[in-house]
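Understanding the architecture of this molecule
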Amino acid sequence: MNSLFFSIQHRRSLHTLRIHYGIEGMKYIVQIYEGEVNGHGEREGLPTEYQYEFEQEMLKHVHDLKNEMRENGWFQRDSPE
């Protein structure tokens, strides 16, 4: 699975978005995790998952997500690990 990480500063917290994509079993999937880092700690919600029959459809969705995030002021960053 491949991963992309995005973040944006919002007042006193840091909003995060993690996108995992690749093949799992016989389907291509995209999982999107939204989270937040603030003075109370880190929090991450359950993923939103999309399934595709073809790799090209999945890659187009990931490309569109990356462009949308950049247009809305999010910064792509390296893995937090």
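Above: the structure in question.
1. Some details on the pattern of salt bridges
All chains considered together, the criterion is met by three salt bridges. Of the charged contacts, one joins Glu44 and Arg18 as a salt bridge, the two residues approaching to 2.4 Å between their closest N and O atoms. Taken together, the positions of Glu44 in strand β4 (residues 41–44) and Arg18 in strand β2 (residues 13–24) put the pair 26 residues apart, joining distant regions of the chain. Residue classification places Glu44 among the partly exposed residues on the basis of a relative accessible area of 42%. Across the salt bridge formed by Asp64 and Lys60, the nearest N and O atoms sit 3.0 Å from each other. Of this pair, Asp64 and Lys60 are both found in helix α1 (residues 55–71), four residues apart, which corresponds to roughly one turn of the helix. Its relative accessible area of 34% is what places Asp64 among the partly exposed residues.

Reading the values: the criteria
- Residues numbered from 1 in each chain as written.
- Predicted model: local features only at pLDDT ≥ 70, side-chain atom pairs only at ≥ 80, totals over all residues.
- Heavy atoms only, no water.
- Salt bridge = Lys/Arg side-chain N within 4 Å of Asp/Glu carboxyl O.
- Helix = DSSP H or I, 4+ residues; strand = E, 2+ residues; numbered from the N terminus.
- Buried < 20%, exposed > 50% of the residue type's maximum accessible area, 1.4 Å probe, protein only.

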